[in-house]
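The residues making up each chain are set out below.
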Amino acid sequence: MSEQKHSHPSSPLPADDLPLWQPGEDSTLECVQVREETHDVKTFVFRAEPPRRFHYQPGQFLTLELEIDGEAVNRCYTLSSTPTRPDRVSITVKRIPGGKVSGWLHEQLRPGQRINVLGPSGEFTCARHAASPYLFLSAGSGITPLMSMTRALTDLSTGADIVFIHSARSPRDIIFRKELALLSASHATFTQAIICENRAGEPEWPGFIGRLDAARLQGMVPDLLARQVFCCGPAPYMASVRALLQECGFDMNRYHEESFNFAELNAAPPDEVVESASPSEEGTGFNVHFAKMGDDLSVAPGQTVLAAALAKGMRLPASCTRGVCGTCKTRLLEGKVDMKHEGGIRQREVDQGYFLPCCSKPLTDLVLDR
Ligand SMILES: Cc1cc2nc3c(=O)[nH]c(=O)nc-3n(C[C@H](O)[C@H](O)[C@H](O)COP(=O)(O)OP(=O)(O)OC[C@H]3O[C@@H](n4cnc5c(N)ncnc54)[C@H](O)[C@@H]3O)c2cc1C
Ligand code: FES
């Protein structure tokens, strides 16, 4: 009986035959809840508008496309929610002092407000790697992708063997503290440990104090060498994790990490950036004209527009530099490009003449609306 497939018009529950969220077409989320996780971390829960069911891999992220003080700004946030609960998604955001977007989200975003997003995208997920046993290592807000993976694996009662070690500054900074404790109490194959740098605000804190080191790691995870390791946190934390895993003789082919800072990811610039930007004397490169700036740029064969611009010292908006985040999106007024993006632009935007300079090589001379 078809009417049983739909929720009643006044039901608070979503209809069960909703179409799936299409990353290239759907883009609007409506905030339905804001939760305080710690003194400087909030979770924002969203539904799709129009209503959709989400499908993604745990560990993937969204790019938020916001306009703050009249300026377009893009930032990526991992989905802390689990794809096993497909009617809502959430992001969990740590407020960075002076941070433009994290500050705006904490201060301004309220239930009922809508935002534009791109994605989900990203490849940091347990879904793409061999099965358990897993070791999840996180620090600070780096907990979000590992929480999504944990929620998915436990929600499905997969029986996955997970050891989750999270590092926080102090007990008051532990994100998802109660939920981690509850999961470990209710899933025999899920073990969690939390290490705090100090006991500030909670002198009776019974957990580990200090930092993760090789002896502590081997004590907590005796079968460490048999596990797949997923790690996310600030760059110095991940560097120390890599060093101590190597010290323990861990096979780094089974080590996977996510950085929240594209600048760190791109610290070693792609070859094109460091190469000379000038086209060959035979004139095999292309000219790019910036219509608003009135500037011209020579792009060498095989070079992306962004790489050529950076090499010339021009300042163009960019973040990931690999076609993921959409930050560099620009309207192409004339010419053709070969664009190899990773989800940072929608087909309808391409149809409207937009492209991503970070992952596009000119096929002709170009005129850009910049
Ligand atoms: C793939 C990906 C996933 C991410 N997932 C999350 C997530 O789940 N939760 C989350 O809270 N953030 C996440 N981030 C980080 C997020 O995208 C923003 O970078 C962060 O919120 C800061 O943005 P902002 O606009 O508030 O600060 P900005 O205005 O960009 O920066 C303000 C100042 O803070 C510094 N700064 C920027 N980021 C940090 C940081 N993390 N720690 C310390 N100083 C910093 C900057 O160098 C600058 O000086 C993710 C980033 C990436 C690339
Ligand atoms: S800089 Fe991220 S898509 Fe171009």
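This is a predicted model, so every value here is computed, not measured.

Topic: the overall build of the chain
Along its length, the chain carries nine helices and 19 strands. What you see for the chain is a C-alpha radius of gyration of 23 Å, in line with the 21 Å of a compact globule of 370 residues. Projected onto its principal axes, the C-alpha coordinates of the chain cover approximately 70 × 60 × 40 Å. Looking at the 370 residues of the chain, the share that counts as buried comes to 38%. Considering only contacts within the chain whose residues lie at least 6 apart along the sequence, 67% involve residues at least 24 apart.

Things to note about the pairing of strand β13 (residues 286–290)
Of the strand pairs in this sheet, β13 and strand β14 (residues 295–299) are connected by five bridges, and their pairing is antiparallel. Note on β14: the bridge partner recorded for His289 is Asp296. The turn linking β13 back onto β14 is made up of four residues, and Gly294 within it adopts a positive phi angle of 70°. Pairing analysis gives three bridges linking β13 to strand β19 (residues 366–368), with the strands arranged parallel. Residue pairing across strands places His289 opposite Val367, the latter belonging to β19.

Notes on the domain arrangement of the chain
Taken domain by domain, the chain comprises domain 1 (2–121), domain 2 (126–261) and domain 3 (271–368). The C-alpha-based centres of domain 2 and domain 3 are spaced at 40 Å.

Comments concerning the sheet that holds strand β17 (residues 354–355)
Strand order in this open sheet of five strands is β14-β13-β19-β15-β17, and the pairing throughout is mixed. Each edge of the open sheet is held by one strand with a lone partner, namely β14 and β17.

As for the pairing of strand β2 (residues 41–48)
Of the pairings in the sheet, the one linking strand β1 (residues 28–38) to β2 comprises eight bridges and is antiparallel in character. If you follow Thr38 over to β2, its bridge partner there is Val41. Adjacent in sequence and paired antiparallel, β1 and β2 are bridged by two residues. Note: β2 against strand β5 (residues 89–94), six bridges, orientation antiparallel. Directly across from Phe44, in β5, lies its bridge partner Ile91.

Quick look at the nonpolar core
Counting 57 residues, the largest nonpolar core has Leu62, Phe136, Leu146 and Phe230 as the members making the most contacts within it. Top contributing element to this core by residue count: helix α2 (residues 143–155), with six residues. Setting aside residues up to four positions removed in sequence, Leu146 forms contacts with Phe136, Ser138, Phe164, Phe230 and Cys232. If you look at the next biggest cluster of nonpolar residues, it comprises 23 residues, including Val299, Ala309, Met339 and Phe355.

Observations concerning the sheet that holds strand β9 (residues 190–196)
Spatial ordering of the open sheet is given by β10-β9-β8-β7-β11-β12, a layout of six strands whose pairing is parallel. A strand with exactly one partner marks an edge of an open sheet, and here the two such strands are β10 (208–209) and β12 (255–258). Sheet topology note: the β9/β10 ladder contains two bridges and is parallel. Within β10, the residue paired with Ile195 across the bridge is Phe208.

Here we look at the site of ligand 1
Close contacts around ligand 1 come from 20 residues, with Gly99, Lys100, Val101, Ser102 and Thr144 the closest. Looking at the shell around ligand 1, the elements with two or more residues in it are β4 (71–78), β5 and α1 (100–108). Of the residues that constitute the shell around ligand 1, the class distribution is nine nonpolar, eight polar and three charged. Mapped onto the domain boundaries, the shell around ligand 1 takes at least three residues apiece from domain 1 (2–121) and domain 2 (126–261).

Points about the environment of Ala215
Assignment of secondary structure puts Ala215 in helix α4 (residues 214–220). Here Ala215 falls in the exposed class, since 11 other C-beta atoms lie within 10 Å of it. Linking Ala215 and Cys248, residues 33 residues apart in sequence, is a C-alpha distance of 9.0 Å.

Let's talk about the environment of Leu356
In this fold, Leu356 is placed in the loop between β17 and β18 (360–362). Overall, Leu356 belongs to the buried group, with 30 C-beta atoms counted inside 10 Å. Between the alpha carbons of Leu356 and Leu332 there is a distance of 9.4 Å; along the sequence they are 24 residues apart.

Analysis parameters
Residues numbered from 1 in each chain as written. Chains lettered and ligands numbered in written order. Predicted model: local features only at pLDDT ≥ 70, side-chain atom pairs only at ≥ 80, totals over all residues. Helix = DSSP H or I, 4+ residues; strand = E, 2+ residues; numbered from the N terminus. Rg over C-alpha atoms; globule rule 2.2 N^0.38 Å. Buried ≥ 20, exposed ≤ 12 C-beta atoms within 10 Å, placed from the backbone. Contact = placed C-beta atoms within 7 Å. Pairing = 2+ DSSP bridges. Domains from an automatic or database assignment. Core = buried A, V, L, I, M, F, W, Y, C linked by C-beta atoms within 7 Å. Near = placed C-beta within 6 Å. Nonpolar A, V, L, I, M, F, W, Y, C, P; charged D, E, K, R; others polar.

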